[in-house]
Amino acid sequence: MSKWEEKRLGDVAPFKYGKALTAEKRIAGQYNVYSSAGVCGYSDDTLAENGIIIGRKGSVGTVHYSANPFYCIDTAFYIDNIHRDSNMKFLYYYLQLLHLEKYNNDAAVPGLNRNLAEKLKITIPDLPTQTRIADILSAYDYLIENNNRRIALLEKTAQELYKEWFVRFRFPGHENTKFENGLPAGWKREKISEYYNTCSGGTPSRSKTEYFENGVYSWVKTGEIKDGIVIETEEHITEEALKKSSAKPLPQNAVAMAMYGVNIGMLSYFDGVMTCNQACCVFSDKRRFSSKHYLFQYLMSIREYLLLISFGAAQQNLSQDLIKKVKIIMPTDDLIHEFEARVDDIYASIRSLMYKNKNLTKQRDLLLPRLMSGKLEV
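Let me sum up the structure you'll find in this document. (Residues numbered from 1 in each chain as written. Predicted model: local features only at pLDDT ≥ 70, side-chain atom pairs only at ≥ 80, totals over all residues. Heavy atoms only, no water.)

Structural notes on empty space enclosed by the protein
Link 1 in the chain: Under the criterion given, the structure shown has one cavity of 30 Å³ or more.
Link 2 in the chain: The space that makes up the largest cavity amounts to roughly 40 Å³.
Link 3 in the chain: Taken together, Ser 2, Trp 4, Thr 129, Ile 133, Leu 371, Gly 374, Leu 376, Glu 377 and Val 378 make up the lining of the largest cavity. (1 Å grid on protein atoms, 1.4 Å probe; cavity = no way out; pocket = protein on both sides within 12 Å on 5 of 7 lines; lining within 4 Å. Points joined across faces, edges and corners; volume = space filled by probe spheres on them.)

Brief notes about the sheet that holds strand S7 (residues 70-72)
Link 1 in the chain: The mixed open sheet is built from three strands, whose spatial order is S4-S3-S7. Of all the strands in the sheet, just strand S4 (38-43) and S7 have a single pairing partner and so form its edges. Sheet twist, expressed as the average angle between the axes of neighbouring strands with direction ignored, equals 30°.
Link 2 in the chain: Where strand S3 (residues 31-35) meets S7, three bridges bridge the pair, whose relative direction is parallel. Considered in S7, the bridge of Val 33 is made with Tyr 71. (Pairing = 2+ DSSP bridges. Helix = DSSP H or I, 4+ residues; strand = E, 2+ residues; numbered from the N terminus. Axes fitted to C-alpha atoms, helices over the stretch in contact; angles between N-to-C directions.)

A word on the pairing of strand S5 (residues 51-55)
Moving residue by residue along a regular strand, the side chains alternate between the two faces of the sheet.
Link 1 in the chain: With five of five residues buried, S5 is to be regarded as a mostly interior element.
Link 2 in the chain: Direction of pairing for S5 relative to strand S6 (residues 63-66): antiparallel, over a ladder of four bridges. Bridging from a neighbouring strand, Ile 54 pairs with Val 63 of S6.
Link 3 in the chain: Taken together, the four bridges between S5 and strand S8 (residues 76-79) define a ladder with antiparallel strand orientation. The partner of Ile 54 across the bridge, within S8, is Phe 77. (Buried < 20%, exposed > 50% of the residue type's maximum accessible area, 1.4 Å probe, protein only.)

Considering helix H2 (residues 88-95)
Link 1 in the chain: Most of H2 sits inside the fold, with eight of its eight residues counted as buried.
Link 2 in the chain: Listing the buried residues of H2 in full gives Met 88, Lys 89, Phe 90, Leu 91, Tyr 92, Tyr 93, Tyr 94 and Leu 95.
Link 3 in the chain: For H2, the side-chain oxygen to backbone nitrogen distance between the N-cap and Lys 89 is 3.0 Å, and the N-cap itself is Asn 87. (Polar contact = N/O pair within 3.5 Å; in protein donor to acceptor, adjacent residues only side chain to side chain.)

Looking at the packing of helix H4 (residues 127-166) against helix H9 (residues 333-372)
Relative placement of two packed helices is described by the angle separating their axes and the distance separating the axes.
Link 1 in the chain: The contact between H4 and H9 brings their axes to 9 Å, and the two run at 170°. The angle between H4 and H9 places the two elements in the roughly antiparallel class.
Link 2 in the chain: Residue composition of the contact of H4 with H9, by class: 26 nonpolar, seven polar and seven charged. (Parallel < 35°, antiparallel > 145°, perpendicular 65-115°, else oblique. Nonpolar A, V, L, I, M, F, W, Y, C, P; charged D, E, K, R; others polar.)

Listed below in C-alpha cells is the structure:
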C-alpha cells in the first residue's frame, strides 16, 4: 500500500504570477502563450521550461499543463518549481479536483486568491505512486494529443488549399483565366457586409441563477473561440434567459469571431445551434449557399490587419461596424462551391476526431477522482 501524507499546497508547488504580453506580441513565435483560458497565442519569449498554468482572472481556477517551454500572461498563475518528492504531471491532475475557482477575493472581477490557494491542505502519496498515477492518466492524454496533432494537420491542409487557390491563384481552371485589375475575371472586392449579415449575442444576468441552471442552449464565450469547431461549451443558458437578454439562437456551422478579450480576432464554427456573448461577431451568408469555409480562411488570413485597425484605450477592440466595412475578395460562385465541398470533407474528419477526444476525456475524468483519492490502488 502506498503512503499518503497531508501537506500544504504552497509548500509542494508555489504559485507564480504571469506577466503581461500584448496581443500584438502573441501573434507569432515557437512557444505557446497561456492565459487563464488556455493557449492564447505564440511567442519566442518564455517564463518556464515546463509546468502548470492556473487561471487567475477570467476562467478562474482552470488548470493547464505544458511539457514544453511556455509564456504565462497576467490572467494566470504558473508553477514550474515543485518539491523534490513531487511529480509535476501528478500535481496537474490533482489540482483539477481542488475546485480552485472557489478561492477568489474580488467581488467585482472574480480572481483566484493565491494566499488562500497555497494554504490548502492536500493529501498525496509517495513519489513512485504519484508517477504511476500520472502515467495511467497520461495514457489518455497521449491519445488525445495524438488526435489533436491529426486535427492540426487537417486544419493546415484546409489553410494550404485556401492559399493555393485564392492567394497563389492556382485554382482549378486557372490556366485559362484572364486577370482584370489584379484579380481573376469574375472575382470581386467588396465590403464584408455585401455578402454577410453580422450579429452578436448577450450575457444573461448573472444574478438570476435560473438563467444558467439546467440550461439547454450552449453559450459560447470568447475564451472558447480558438480557431476551430466549438462542439461543447462550459456554460449553458435556459429558454428564459433567451427571452430576458440579448442572447439569441445562432445557426449550426455559423462562423464567429472574438471582437475583444485575450482571443481577439480568433475564429470558430458552431457545431450546433448555439448562443454567444456580446463579444462575438457572428456571420451568416446573405446568399442562398454557404461560404463559411472561405470566410473563415479569409478572416484568418487578414488577422494581423484586423488587429492593427482595432482600437480601445484599455484593450484592443473590434466592432461589427468596423468588421462590416472591411473589404473581402470574393471569387466566383462556382469556385466557392467547389472549395466548400472539399473543405467540408476535411472538417468532417476534424469533427470526428474532436468527438473521439470528448469521449476519451470523459473516461479519463471518471477515473481521475478514484485514483487521486487512493480508492483505486495502482
